[in-house]
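Architecture at a glance
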Amino acid sequence: MKTNIHLPHVLVVLILCCFQTASGLFAQHPLAQPGPNVTFPSPNAASLAQYGEIPVNLNTGVPSINIPLATVKGKSLSVPISLSYHASGIKVDQYASWVGLGWSLNAGGVITRSRVGKRDERQALGYWDIGDSLAADPAWKTKLKTVESLANGEWDMTPDVFSYNFVGYTGNFVIHPDGEVVTLPHNNLKITPTVNSLDVTQFEVITPDGTYFLFKDAEQTENETFCGQGVGLKDEFFNSSWYLSKVISPDRKDSIKFSYGSHYENLFYRAGEMDHRFRQEIVLDSSYNPLCNRGIPKKKCFTMSITSVKSPKKIVSNEDSVHFFSTLDRADISNGIRLDSIEVWKRNGTKVQTIKFDNDQYFIGKYDVHTHIGSSRIDLLTNNSQIANYTFDITKRL
């Protein structure tokens, strides 16, 4: 019996198969991450980074909420220390910094990285190397192995996003494969990264007036993602944030130095849910030709993030020194610290100011179980006499 096959029907079948195959490229692979491969900075760094992501101005509708605390003064340089609250709203899985949820301590500055896929500088797999190789191969879209490596996360075609926040400068930037730094929005900051064979080790920034900023004290992060039962998939340790280490005046006659303490924190994030209706597994033959694919049952995933967190310990100028004191007893973060107090000293050894943070009610679990709100108080003292105090309620992470 003769069978008549109409060409339009064949085309429809092929199109459907190709659509399913394209979906399958995002599926199981020995090197693929089981969940969104995005890494976020530590809570302290993230609280500062959001000012670069969502600026405080009339265009975004985010008001400026700032409490000045002290100022480190040198011969010509000065660094203000303050508390600020970012009123853009609290995100899902957002952790509190060491001064409260939504609050950040401005005491110098930081450059943070939101890693998307692989590290940009990851040799042979990261955005810098892959971007260069694909730019040299206009036919890469027609090569199944190349498309598969991009789709399943083995290769990276998306740049990491870096955010900066220091002494009034906020914004984002990306680094192109050729090394060009592109600021978002555009400005006249000169940003120069230093990269070795393994990681970005530091950033040097020169402002339009010639002031030099060195960001060298790095936080390192490692992720382990779990989906369903079984062993999690571990990621590599990499530099995720760089804190301000030194400021030098344009005439190179004045400087302010920053030092930090370091400890490890463990954080847990919900990494999403895989659904077989959208997540497919491609089946290839020995020549990498696509055969039919099948769905993968949905799985709930979470990510454990381990970060070597940096926290300010001392700021030293030619005239002043500022010391930061913390306590390791937080209930919301494993091995997390909270800021206790700040002391300002003159070079002659005279203590001129103490700033006390009465936040144990908030951080160690003594808060209203229905509203998830705990109170915090800040006292500003000069020569043991109170000059100001602030009391406010802070919402706990839900």
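The sections below set out a description of the structure shown in this document. All values derive from a computational prediction rather than experimental measurement.

1. Some words on the packing of aromatic side chains
Across all of its chains, the model carries 12 aromatic pairs by this definition. On the basis of an interplanar angle of 5° and a centroid distance of 5.1 Å, the ring pair of F162 and F173 is categorised as stacked. Residue F162 is located in strand β6 (residues 161-166), and its partner F173 is located in strand β7 (residues 169-175); the two are separated by 11 residues in the primary sequence. Here the two residues F162 and F173 agree in accessibility, since each one is buried. Judged by centre distance (5.4 Å) and plane angle (25°), the ring pair of F166 and Y169 falls under stacked. In this structure Y169 comes out as partly exposed when scored by relative accessible area, which is 29%.

2. Observations regarding helix α2 (residues 43-53)
Burial analysis of α2 places 9 of its 11 residues in the buried class, the great majority of the element. Within the sequence span of α2, burial applies to P43, N44, A45, S47, L48, A49, Q50, Y51 and G52.

3. Considerations on the pattern of salt bridges
Scanning all chains against the criterion turns up 7 salt bridges. Of the charged contacts in the structure, one is a salt bridge between D320 and K346, with a shortest N-O distance of 2.8 Å. Of this pair, D320 sits in strand β18 (residues 320-327) while K346 sits in strand β19 (residues 338-346), placing them 26 residues apart in sequence. For the salt bridge of D332 with R330, the shortest nitrogen-to-oxygen distance reads 2.8 Å. Through salt bridges that share partners, R113, D160 and D199 make up one connected network.

4. Some thoughts on the nonpolar core
I81, L105, F203, F324 and I342 are the most contacted members of the largest nonpolar core, which totals 46 residues. The residues touching F324, leaving out its near neighbours within four places in the chain, are I81, W98, L105, A107, P312, K313, K314, I315, L339, S341 and I342.

5. A short note on the pairing of strand β4 (residues 103-106)
The two faces of β4 match: W103 and L105 on one face and S104 and N106 on the other face are all buried. Pairing of strand β3 (residues 78-85) with β4, which is carried by 4 bridges, proceeds in the antiparallel orientation. Bridging from a neighbouring strand, L83 pairs with L105 of β4.

6. Here we look at the sheet that holds β4
Ordered in space as β2-β3-β4, the 3 strands form an open sheet in which the pairing is antiparallel. In the strand order of this sheet, the two ends are held by β2 (65-73) and β4, each with one partner. Across the sheet, the mean angle separating the axes of adjacent strands is 10° when strand polarity is ignored. Pairing geometry for β2 and β3, over 8 bridges, is antiparallel. Bridging across to β3, T71 finds its partner in P80. Together, β3 and β4 form the strand contacts of α2, whose direction differs from that of β4 by roughly 90°.

So, how was this worked out
- Residues numbered from 1 in each chain as written.
- Predicted model: local features only at pLDDT ≥ 70, side-chain atom pairs only at ≥ 80, totals over all residues.
- Heavy atoms only, no water.
- Phe/Tyr/Trp six-rings, centres within 6.5 Å; stacked < 30°, edge-to-face > 60°.
- Helix = DSSP H or I, 4+ residues; strand = E, 2+ residues; numbered from the N terminus.
- Buried < 20%, exposed > 50% of the residue type's maximum accessible area, 1.4 Å probe, protein only.
- Salt bridge = Lys/Arg side-chain N within 4 Å of Asp/Glu carboxyl O.
- Core = buried A, V, L, I, M, F, W, Y, C linked by side-chain atoms within 4.5 Å.
- Contact = heavy atoms within 4.5 Å.
- Pairing = 2+ DSSP bridges.
- Axes fitted to C-alpha atoms, helices over the stretch in contact; angles between N-to-C directions.

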